[in-house]
Each structure stands twice: as structure tokens, then as C-alpha cells.
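Next come the chains, spelled out residue by residue.
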Amino acid sequence: MYNSEYDDLSFEEQLYLTESLIRQRHNQQMLLRRNAQLLQQELSFEAELLEDNPELAQVIHSFNMQEIQSNQRRLENVLSSEESPSKEQSVWSKFFPGLGGNYGVD
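Not measured: the values here are computed from a predicted model.

Thresholds applied
- Residues numbered from 1 in each chain as written.
- Predicted model: local features only at pLDDT ≥ 70, side-chain atom pairs only at ≥ 80, totals over all residues.
- Heavy atoms only, no water.
- Helix = DSSP H or I, 4+ residues; strand = E, 2+ residues; numbered from the N terminus.
- Buried < 20%, exposed > 50% of the residue type's maximum accessible area, 1.4 Å probe, protein only.
- Contact = heavy atoms within 4.5 Å.
- Areas by Shrake-Rupley, 256 points an atom, 1.4 Å probe, with all protein chains shown as cover.
- Expected span 1.5 Å × (residues − 1).
- Axes fitted to C-alpha atoms, helices over the stretch in contact; angles between N-to-C directions.
- Parallel < 35°, antiparallel > 145°, perpendicular 65-115°, else oblique.
- Nonpolar A, V, L, I, M, F, W, Y, C, P; charged D, E, K, R; others polar.
- Polar contact = N/O pair within 3.5 Å; in protein donor to acceptor, adjacent residues only side chain to side chain.
- pLDDT = per-residue confidence, 0-100.

Focus on the overall build of the protein
So, step 1. A tally of helices and strands in the protein yields three helices and zero strands.
So, step 2. Secondary structure elements in the protein, listed N-terminal to C-terminal, are α-α-α.
So, step 3. Going through the 106 residues of the protein one by one, you find that 9% of them count as buried.
So, step 4. For the protein, contacts bridging at least 24 residues in sequence account for 24% of all contacts bridging at least 6.
So, step 5. Element-wise, carbon and sulfur atoms account for 56% of the exposed surface of the protein, whose accessible area totals about 9100 Å².

Some details on helix α2 (residues 54–79)
So, step 1. For α2, built from 26 residues, the straight-helix expectation of 38 Å at 1.5 Å per residue is met to within 8% by its first-to-last C-alpha distance of 37 Å.
So, step 2. Three or more residues of α2 are buried, namely F63, E67, S70 and R74.

Here's the deal with the packing of helix α1 (residues 11–52) against α2
So, step 1. Relative orientation of the contacting elements α1 and α2 amounts to 110°, with a least axis distance of 5 Å. The pairing of α1 with α2 is recorded here as roughly perpendicular in orientation. Taking contact as the criterion, the partners of L49, L50, E51 and D52 in α1 are, on α2, P54, L56, A57 and I60.
So, step 2. Its residues assigned to classes, the contact of α1 with α2 shows six nonpolar, no polar and two charged.

A closer look at the side chain of R74
So, step 1. You can see R74 is positioned in helix α2.
So, step 2. Using a relative accessible area of 10% as the deciding quantity, one classes R74 as buried.
So, step 3. Among the polar contacts made by the side chain of R74, one reaches the side chain of N71 at a distance of 2.3 Å.

A look at the confidence of the model for the protein
So, step 1. Residue-level pLDDT values for the protein average 82, and 80% of them are 70 or greater.
So, step 2. At the low end of the mean pLDDT range in the protein sits helix α3 (residues 91–95), at 72; at the high end sits α1, at 94.

Laid out in C-alpha cells, this is it:
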């Protein structure tokens with residue numbers, strides 16, 4: 001991997017920059033690996049919670065279906081080029097403000 005920015009640098013400076021890049025990439029990989037582990041752990045906890053609470057699973061499924069239908073309506077409105085943009089909120093944002101945004105609102 002040749003980089004013309006290194007041309008005016010001494011060997012030691014080039015070596016230091018190369019080592020810094022290697023450390024930076026290593027740290028990024030470790031961060032990604034840790035994030036993946038945390039996500040897997042979160043998904044496991046969620047699956048366990050939903051397994052223990054079928055009513056909660058049904059409510060979440062219902063919210064998700066409403067959200068999908070709402071998104072489909074918004075898409076249909078955009079594709080049909082209606083003059084008035086939808087002021088409809090995300091289904092989830094109605095229950096958890098900050099989780100979803102106001103769609104069609106600037």
C-alpha cells in the first residue's frame with residue numbers, strides 16, 4: 001500500500017504512521033467485535049423476554065404491523081405526488097417519544 005503523502009517523511013515517521021494506522025484499524029475491529037457481541041446479547045435477552053411474555057410479543061407484532069402499514073401509506077402518498085405531505089407520526093414514537101420521528105414534518 002503506497003501513499004505519496006509519505007514521500008517527504010523519514011523512515012521513522014513513515015513507520016510511526018504505519019503503526020498508528022495498524023493500531024487504529026485494530027481498535028476499530030475490536031470496537032466492531034464488541035458491538036456485535038452486545039447486539040447478540042441484546043437479541044438474546046429480547047428473545048427470552050418475548051418467549052416469557054407472549055402478550056408483549058403480540059403487542060410488539062401489532063405495533064410493527066401498524067408501522068409497516070403506515071409506511072406503505074406514506075410511500076403511496078409520495079409516489080402519487082400528493083400536494084399535502086403526511087403529518088403522520090411513527091406508531092412507535094407515539095408510545096416512545098424520541099424513538100421515531102415525525103414523518104413529513106420539517
